[in-house]
Amino acid sequence: MDRKIKYILDADIQGCFDNFDHKILRQLLEKRIKDKSLLRLINKWLKAGVVDGDSLEFSKKGSPQGNIISSLLCNIYLHYVLDAWIMEQVEPLMEGKLFIVRYADDFIIGFEN
């Protein structure tokens with residue numbers, strides 16, 4: 001590494017896939033996606049039920065882990081609520097540098113101090 005990083009925080013956001021807010025996700029998607037048919041398709045994925053044994057369950061939040069679109073939606077959501085927050089709000093308050101590397105609900109943050 002070419003950075004003077006002394007500390008690493010390794011984290012996993014517990015229950016991330018099960019709990020992100022659909023309304024907030026839709027607002028975040030609309031910032032970048034102008035194609036209404038694509039937004040409708042994503043909305044259908046979010047509304048699709050999950051078969052658990054003999055029952056069909058519908059959720060108003062989150063996206064089932066293993067769903068074909070879940071990791072992508074999680075990455076979009078956390079780009080705004082975690083990555084941007086760290087870089088815009090936290091980094092300016094730090095003494096020294098930091099970096100974040102994240103995929104879906106797993107991430108590491110490196111700190112100089």
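Within each chain, residues carry numbers counting from 1 in the order of the written sequence. Totals for whole chains, interfaces and linings use every residue, but because this is a predicted model, local features are given only for residues with pLDDT of at least 70 and side-chain atom pairs only at 80 or more, for both listing and counting. The side-chain figures draw on all heavy atoms in the structure; neither hydrogens nor water molecules are used.

## A closer look at the overall build of the chain
Check the secondary structure of the chain and you find four helices and five strands. Under the DSSP-based scheme used, a helix requires at least four consecutive residues in state H or I and a strand at least two consecutive residues in state E, with every element numbered from the N terminus. In sequence order, the chain lays out its α and β elements as β-α-α-α-β-β-α-β-β. Atoms counted for the radius of gyration: C-alpha only. Globule rule: 2.2 Å times the number of residues to the power 0.38. For the chain, the C-alpha radius of gyration of 17 Å lies well beyond 13 Å, the compact-globule estimate for 113 residues. Dimensions of the chain, computed from C-alpha atoms along their principal axes, come out at roughly 50 × 35 × 20 Å. Burial classes: relative accessible area under 20% of the type maximum marks a residue as buried, over 50% as exposed, and values in between as partly exposed (1.4 Å probe, protein chains only). The buried share among the 113 residues of the chain stands at 34%. Long-range pairs, those at least 24 residues apart, make up 61% of the contacts in the chain between residues at least 6 apart in sequence. Here, residues are in contact when the closest pair of their heavy atoms is within 4.5 Å.

## Looking at a nonpolar patch on the surface
For patch building, the residue pool is restricted to those with more than 30% relative accessible area and no salt bridge; the joining distance is 9 Å between like charges and 5 Å between nonpolar side chains (Val, Leu, Ile, Met, Phe, Trp, Tyr). Note that accessible areas follow from Shrake-Rupley with a 1.4 Å probe, and for residues the cover is restricted to the protein chains shown. Only one rule defines a salt bridge in this text: a Lys or Arg side-chain nitrogen within 4 Å of an Asp or Glu carboxyl oxygen. Taken together, the side chains of Val-51, Leu-56 and Phe-58 make up a nonpolar region of the molecular surface, amounting to roughly 350 Å² of accessible area. Structurally, the position occupied by Phe-58 is in the loop between strand E3 (55-57) and helix H4 (70-90).

## Brief notes about the nonpolar core
As used here, the term nonpolar core means buried Ala, Val, Leu, Ile, Met, Phe, Trp, Tyr and Cys residues forming a set that is joined through side-chain atoms within 4.5 Å. Counting 23 residues, the largest nonpolar core has Phe-20, Leu-25, Leu-29, Leu-73 and Cys-74 as the members making the most contacts within it. Every element with two or more residues in this core is listed here: helix H1 (16-19), helix H2 (22-32), helix H3 (36-47), H4 and strand E5 (106-111). Sorting elements by how many residues they give to this core places H4 first, with six residues. Setting aside residues up to four positions removed in sequence, Phe-20 forms contacts with Leu-25, Leu-46, Lys-61, Gly-62, Ser-63, Leu-73, Cys-74 and Tyr-77.

## Some details on the pattern of salt bridges
By the definition in use, this model includes one salt bridge. Of the charged contacts, one joins Arg-102 and Asp-83 as a salt bridge, the two residues approaching to 2.8 Å between their closest N and O atoms. Of this pair, Arg-102 sits in strand E4 (residues 98-103) while Asp-83 sits in helix H4; the two residues are 19 residues apart in sequence, bridging distant segments of the chain. Asp-83 gets classed as buried once you look at its relative accessible area, which sits at 15%.

## Here's the deal with the side chain of Asn-75
By secondary structure assignment, the location of Asn-75 is in helix H4. As used in this structure description, the phrase polar contact means that two N or O atoms lie within 3.5 Å; if the pair is within protein, one of them must be able to donate a hydrogen and the other to accept it, and residues adjacent in sequence are counted only when both atoms belong to side chains. In this structure the side chain of Asn-75 is engaged in a polar contact, spanning 2.7 Å, whose partner is the backbone nitrogen of Ala-104. Beyond its immediate sequence surroundings of up to four residues, Asn-75 is in contact with Arg-102, Tyr-103 and Ala-104.

## Examining H2
Inspection of H2 places His-22, Leu-25, Leu-28 and Leu-29 among the buried residues, and these make up the whole buried set. Viewed end-on, H2 has its buried residues packed into an arc of 125 degrees, placing them on one side of the element. Residues of H2 that are exposed and point more than 90 degrees away from the buried face comprise Lys-23 and Lys-31. Next to the buried residues of H2 lie H3 and H4. Between the side-chain oxygen at the start of H2 and the backbone nitrogen of Lys-23 there is a gap of 2.8 Å, and the oxygen is on Asp-21. What the arc covers is the set of directions going from the helix axis to the C-beta atoms.

## Details of the packing of H2 against H3
For the pair H2 and H3, the least separation of the axes is 11 Å and the interaxial angle reads 160 degrees. Regarding the angle of H2 to H3, the classification is roughly antiparallel. In this structure, the crossing between H2 and H3 has a hand that is right-handed. Contacts between H2 and H3 involve His-22, Leu-25, Arg-26, Leu-29 and Glu-30 from the former and Leu-39, Ile-42, Asn-43, Leu-46 and Lys-47 from the latter. For this classification, the nonpolar set comprises Ala, Val, Leu, Ile, Met, Phe, Trp, Tyr, Cys and Pro, the charged set comprises Asp, Glu, Lys and Arg, and every other residue, Gly included, is treated as polar. Split by residue class, the contact of H2 with H3 holds five nonpolar, two polar and three charged. Axis angles are defined between N-to-C directions and span 0 to 180 degrees, where every axis is a line fitted to C-alpha atoms and, for a helix, only to the segment in contact. For classification, angles of less than 35 degrees are called roughly parallel, those exceeding 145 degrees roughly antiparallel, those between 65 and 115 degrees roughly perpendicular, and all remaining angles oblique. Definitions for this section: a left-handed crossing has its near helix turned counterclockwise from the far helix by less than a right angle. A right-handed crossing has that turn clockwise.

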